[in-house]
Amino acid sequence: MRGPQRIAIDGPAGSGKSTLGERLARRLGYLYVDTGAMYRALTWLALHEGMDIEEGPALEALALRAEISISRPQIADGRQYTVTVHGRDITWDIRSAAVTNAVSTVSAHPQVRTIMRKQQHEMARSGGVVMVGRDIGAVVLSDAELKIYLTASLEERARRRYTELEERMGVHNPALPSIEAVMHDIELRDSVDREHMQPARDAVIIETDHLSVEQVLDVIYQYVESRTL
Ligand code: DC
C-alpha cells in the first residue's frame, strides 16, 4: 500500500492549514513543511538586518545566502517545528506582529518566490511530505498526488486566530488585540496574498466554517485513503 507521497495543503490565513497539515503529517509519519515559516524567517532576517523590504534585488541576495532551516521540534513548548536562521532559534520570533505585517511585502517579490519555491520543491523530492502554503498545489508541487484547498469565511478565520492569540497571550494580556483588529489584519494580508493564492485546478476544496479540526482531518484522510494504491 502506497499513499500519496506529496500532499499539498493551501488556503488563506486562518483557514486551519498549519494545524491540519501538522496533524495529517503526524498521522502518516510524513515530513511537515510549513512554507509560510520560510517566508517569515526570511522576513525576520531582513528586518533584523535593517533592510528595506521594498527592495526586491537585495532580498533576493539575502534569500540566496540565508541559511534557513526548519526541523522537527527539539523543545516541547507548543511549537510545531524549530526554525533557525544561521543557527539561531527564531521559532517564536517569526510570529511577531512586525514579521506578520511585513511578510506579505517580502513574499510578493518574484525573485524571492523563485528561490523559495526551488528550495521547497527540493524538500519534497524524496516524498513522504505534507507541504502547506498558498501556491503549493498550483505551482511548487504541481504534480502532487493530493491537493487540498481549505477555505473559511473572514469572520470565522478571525475568530480562530483570536482564540489562538488568547490562548497564547492570556485573556487579560493588555497587548491582546481586539477581534476587529485581528480581522482587519487578515483582510489586509488576504488582499496582498491573493495573487499567489489560487487553488490548483485539480485541488479538492474544503469549506471549513462549520467543521471541527477532527472533522476536516477525517475528510482529508478519506481522500488520502481513496488515493492509496
Ligand atoms: O501561512 P502564514 O501566515 O505563516 O504565511 C506567511 C506569509 O507568507 C503570508 O502572508 C503569505 C506568504 N506565503 C506565500 O506567499 N506563499 C506560501 N507558499 C506561503 C506563505
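Thresholds applied
Residues numbered from 1 in each chain as written. Predicted model: local features only at pLDDT ≥ 70, side-chain atom pairs only at ≥ 80, totals over all residues. Heavy atoms only, no water. Helix = DSSP H or I, 4+ residues; strand = E, 2+ residues; numbered from the N terminus. Buried < 20%, exposed > 50% of the residue type's maximum accessible area, 1.4 Å probe, protein only. Contact = heavy atoms within 4.5 Å. Lys, Arg positive; Asp, Glu negative; His and termini not counted. Charge placed at Lys NZ, Arg CZ, Asp CG, Glu CD. Near = heavy atom within 4 Å. Polar contact = N/O pair within 3.5 Å; in protein donor to acceptor, adjacent residues only side chain to side chain. Nonpolar A, V, L, I, M, F, W, Y, C, P; charged D, E, K, R; others polar. Pairing = 2+ DSSP bridges. Axes fitted to C-alpha atoms, helices over the stretch in contact; angles between N-to-C directions. Parallel < 35°, antiparallel > 145°, perpendicular 65-115°, else oblique. Core = buried A, V, L, I, M, F, W, Y, C linked by side-chain atoms within 4.5 Å. Expected span 1.5 Å × (residues − 1). Salt bridge = Lys/Arg side-chain N within 4 Å of Asp/Glu carboxyl O.

Another point: the overall build of the protein chain. Per the secondary structure count, the protein chain includes 9 helices and 8 strands. Counting only residues that meet the buried cut, the protein chain has 47% of its 229 residues in that class. Sequence-distant contacts in the protein chain: of pairs separated by 6 or more residues, those separated by 24 or more amount to 71%. For the protein chain, the separation between the mean place of its 27 positive charges and that of its 33 negative charges on side chains is 5 Å.

Time to look at the site of the ligand. Neighbouring the ligand are 16 residues, the closest being Arg40, Arg113, Asp135, Arg189 and Asp193. Between the ligand and Arg40 there is a distance of 2.7 Å, counted from an oxygen atom to a side-chain nitrogen or oxygen. Taken together, the elements giving at least two residues each to the shell around the ligand come down to α2 (35-48), α4 (97-107) and α8 (179-193). Considering each element in turn, the shell around the ligand owes the most residues, 4 residues, to α2. Counted by class, the shell around the ligand contains 3 nonpolar, 5 polar and 8 charged residues.

Turning next to the sheet that holds strand β4 (residues 82-85). Judged by pairing direction, the sheet is antiparallel, and its 3 strands sit side by side in the order β3-β4-β5 without closing on themselves. Strands with a single pairing partner mark the edges of an open sheet, and in this sheet they are β3 (68-71) and β5 (88-89). Pairing of β4 with β5 involves 2 bridges; the strand directions are antiparallel. Bridged to Val85 within β5 is Arg88.

In this section: the packing of α2 against α4. Where α2 contacts α4, the two axes come as close as 9 Å, and the packing angle between them is 105°. Classified by the angle between their axes, α2 and α4 sit roughly perpendicular to one another. In this structure, α2 uses Tyr39, Arg40, Leu42, Thr43, Trp44 and Leu47 to contact α4, whose residues at the interface are Ala98, Val99, Thr100, Ala102, Val103, Val106 and Ser107. Taken together, the residues of the contact of α2 with α4 break down into 9 nonpolar, 3 polar and 1 charged.

As summarised here, the arrangement of the 5 strands in space is β2-β6-β1-β7-β8, forming an open sheet in which the pairing is parallel. Looking along the sheet, the strands with just one partner apiece sit at the ends: β2 (31-34) and β8 (204-207). Here the strands of the sheet are splayed against their neighbours by 20° on average, with no regard to which way each runs. Strand direction decides the pairing type here: strand β1 (residues 6-10) and strand β6 (residues 129-133), joined by 5 bridges, are parallel. Opposite Ala8, over in β6, you have Met131 as the bridge partner.

For the rest of this paragraph, the subject is the nonpolar core. Among the nonpolar cores identified, the biggest contains 45 residues, and Ile7, Ile9, Leu24, Leu42, Val83, Val130 and Ile148 are the most heavily contacted of them. In terms of residues, this core owes the most to one element, α2, which gives 8 residues. Judged by nonpolar contacts, the second largest core, of 9 residues, contains Ala8, Val33, Met131 and Ile136.

Once that is clear, we can look at the pairing of strand β7 (residues 146-151). Of all 6 residues that make up β7, 5 are buried, and the element is covered over most of its length. As paired strands, β1 and β7 are joined by 4 bridges and run parallel to one another. Residue pairing in the sheet places Ile7 in a bridge with Leu146 of β7.

Over its 16 residues, helix α7 (residues 154-169) extends 22 Å from the first C-alpha to the last, a length consistent with the 22 Å expected when each residue adds 1.5 Å. Those residues of α7 not exposed but buried are Leu154, Glu156, Arg157, Ala158, Tyr162 and Leu165. Packing partners of the buried residues in α7 comprise α8. The first or second residue beyond α7 is Gly170, which carries a positive phi of 95°.

Glancing now at the pattern of salt bridges. Side chains that differ in sign of charge can pair as their charged atoms come close. This model, assessed by the stated rule, comprises 18 salt bridges. Its salt-bridge partner being Arg79, residue Asp77 comes within 2.8 Å of it at the nearest N-O pair. Of the residues examined, Arg79 reaches a relative accessible area of 11% and is grouped as buried. If you follow the salt bridges from partner to partner, you end up with Arg6, Asp143 and Glu145 in one network.

Those residues of α4 that fall on the buried side of the exposure criterion are Val99, Thr100, Ala102, Val103, Ser104, Val106 and Ser107. The elements touched by buried residues of α4 are α2, α3 (56-65), α5 (110-123) and α8.

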